[in-house]
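Here is how the chains run, residue by residue.
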Amino acid sequence: MTITPGLEWLTMGAKVAYITSFGYSGKLVAEATVDKVGKRDVLVIVHGRDEKFNINRTTQLHGATWLRRDSGAWSRSDYLAPHDDPTVEKYREEARRQAVEGAARDAADRFQSSPSPDAARALQAAVSRYLELNDTEQD
């Protein structure tokens, strides 16, 4: 079987990135495993469930070829990309940043609504993680 040029990374058993994009609100990145590469469809396993992509539905992103699947609901799209793609790493970093920021906001809300030494320690730890993340980016 001849694979579409640019999709050589789609091999049986390969670890790939499964990306869910919610329009402008963000992207979630999960690791997936290629289970089957057929003439028309690629089957991957992500979080224990099967996901199918049409091998002919590709998109070019920063010189790399990805598979794309649009759901039509709420501007959601799913992508398959090489696990080590630099754009995927950028998406992972953004997700980590959003998680750290969200944890700091949540800890601040808990402290504000119910001040206690435990809530203060949780807030201090969350702010420390936020500062660690952002101080290393400033260097």
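Read on for a plain summary of the structure. (Residues numbered from 1 in each chain as written. Predicted model: local features only at pLDDT ≥ 70, side-chain atom pairs only at ≥ 80, totals over all residues. Heavy atoms only, no water.)

## Description of the packing of aromatic side chains
Using the criterion set out here, one finds 3 aromatic pairs in the structure. Ring plane angle 80° and centroid distance 6.2 Å describe the contact between Y18 and F53, whose orientation is recorded as edge-to-face. Here Y18 is found in strand β1 (residues 15-22), whereas its partner F53 is found in strand β4 (residues 49-54), with 35 residues between them in sequence. Assigned by exposure class, Y18 and F53 land together as buried. Ring centres of W66 and Y79 lie 5.9 Å apart, and the angle between their planes is 70°; on these two criteria the pair is classed as edge-to-face. Here Y79 lies in strand β7 (residues 76-82) and W66 lies in strand β6 (residues 64-70), a separation of 13 residues in the sequence. Classification of W66 by relative accessible area gives buried; the value is 1%. Three or more aromatic residues joined by ring pairs make a cluster, and in this case those are W66, Y79 and Y91. Across the ring face of Y91, the terminal group of K27 is positioned such that the distance to the ring centre comes to 5.1 Å. Here the basic side chain of R69 rests over the ring of F53, its NZ or CZ set 4.4 Å away from the ring centre. (Phe/Tyr/Trp six-rings, centres within 6.5 Å; stacked < 30°, edge-to-face > 60°. Helix = DSSP H or I, 4+ residues; strand = E, 2+ residues; numbered from the N terminus. Buried < 20%, exposed > 50% of the residue type's maximum accessible area, 1.4 Å probe, protein only. Lys NZ or Arg CZ within 6 Å of the ring centre and 35° of its normal.)

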